[in-house]
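# Report on the structure
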Amino acid sequence: MPRSSSSDLPPGVPTIRVVAMPTDTNPAGDVFGGWIVSQMDLAAGTTAAFRANGRCVTVAINSLVFLEPVVVGDEVSIYTKIIRAGRTSLTIHVETWRRARHTHITSKVTEGEFIFVALDEKRRPRPLPPEEDTLPATNCENA
């Protein structure tokens with residue numbers, strides 16, 4: 001399995017960091033891919049909501065690649081970065097990294113592009129606010 005040093009991690013701090021637990025595993029004992037995708041969607045949704053100053057929904061996952069498994073006890077860190085902002089939509093690059101328990105060894109395990117659309121109070125697409133009108137910069141976005 002490929003291994004990376006911490007210098008290969010994306011800049012900034014992860015949007016989400018969580019420890020994989022036994023309830024997150026598939027019958028083979030690896031962490032279930034659906035759990036990882038769910039965590040990625042939560043992280044990307046957080047970044048989208050900050051940029052849009054409000055509600056956003058996932059409308060597509062353009063790509064998703066699983067590079068290696070995650071096991072129980074791994075610390076899972078998910079990094080997000082807005083790579084495109086349209087009139088109502090955002091494309092967010094998401095990387096998932098694992099750190100094996102009790103080590104400093106990290107490796108990228110999953111990456112993908114998630115597309116979100118900003119919604120108004122009637123659940124209809126709405127224009128994104130100008131970037132300068134969005135909430136103050138937070139640690140959840142590495143854009």
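Read on for an overview of the structure. Along each chain, numbering runs from 1 in the same order as the chain's sequence is written. The predicted origin of the model limits local features to residues at a pLDDT of at least 70 and limits the giving and counting of side-chain atom pairs to 80 or more, whereas totals for whole chains, interfaces and linings rest on all residues. Hydrogens and water molecules were not included; the side-chain quantities draw on all heavy atoms of the structure.

### Overview of the nonpolar core
Residues belong to one nonpolar core when they are buried, are Ala, Val, Leu, Ile, Met, Phe, Trp, Tyr or Cys, and are joined through side-chain atoms within 4.5 Å. To sort residues, take the accessible area from a 1.4 Å probe on protein chains only and compare it with the maximum for the residue type: under 20% means buried, over 50% means exposed, and anything in between is partly exposed. Core analysis: the largest hydrophobic core is formed by 23 residues, its most contacted members being Val70, Ile92, Val94 and Phe116. Helix numbers and strand numbers start at the N terminus; a helix is a DSSP run of H or I with at least 4 residues, a strand a run of E with at least 2. Residue assignment for this core shows that the elements contributing at least two residues are helix H1 (33-52), strand S3 (75-85), strand S4 (89-99) and strand S5 (106-118). In what follows, residue pairs with any heavy atoms lying within 4.5 Å of each other are defined as contacts. Here valine 94 is in contact with Met40, Ala44, Ile78, Tyr79, Thr80, Thr110, Glu111, Gly112 and Phe114, once residues within four sequence places are set aside.

### Re the pairing of S3
Paired strands, in this sense, are two strands between which DSSP finds at least two bridges. Across four bridges, the pairing between strand S1 (residues 16-19) and S3 is antiparallel. Within S3, the residue paired with arginine 17 across the bridge is serine 77. By the bridge criterion, ten bridges tie S3 to S4 in an arrangement that is antiparallel. Along S4, the bridge assignment pairs threonine 80 with valine 94. In this structure, the hairpin formed by S3 and S4 is closed by a connection of three residues.

### Focus: the environment of glutamine 39
Secondary-structure assignment places glutamine 39 in helix H1. For glutamine 39, a relative accessible area of 13% gives the class buried.

### A look at the pattern of salt bridges
Take a side-chain nitrogen of Lys or Arg and a carboxyl oxygen of Asp or Glu: if they are within 4 Å of each other, that pair is a salt bridge. Per the counting criterion, the structure on display carries six salt bridges. One salt bridge in this structure joins glutamate 75 and arginine 17, with 3.6 Å as the shortest N-O distance. Here glutamate 75, found in strand S3, pairs with arginine 17, found in strand S1; they are 58 residues apart in sequence, far enough to count as distant. With a closest N to O distance of 2.4 Å, arginine 98 and aspartate 74 form a salt bridge. Of this pair, arginine 98 sits in strand S4 while aspartate 74 sits in the loop between strand S2 (56-66) and S3, and the two are 24 residues apart along the sequence. When sorted by exposure, arginine 98 lands in the same class as aspartate 74, which is buried. Because the salt bridges share partners, they merge into one network encompassing Arg17, Glu75 and Arg99.

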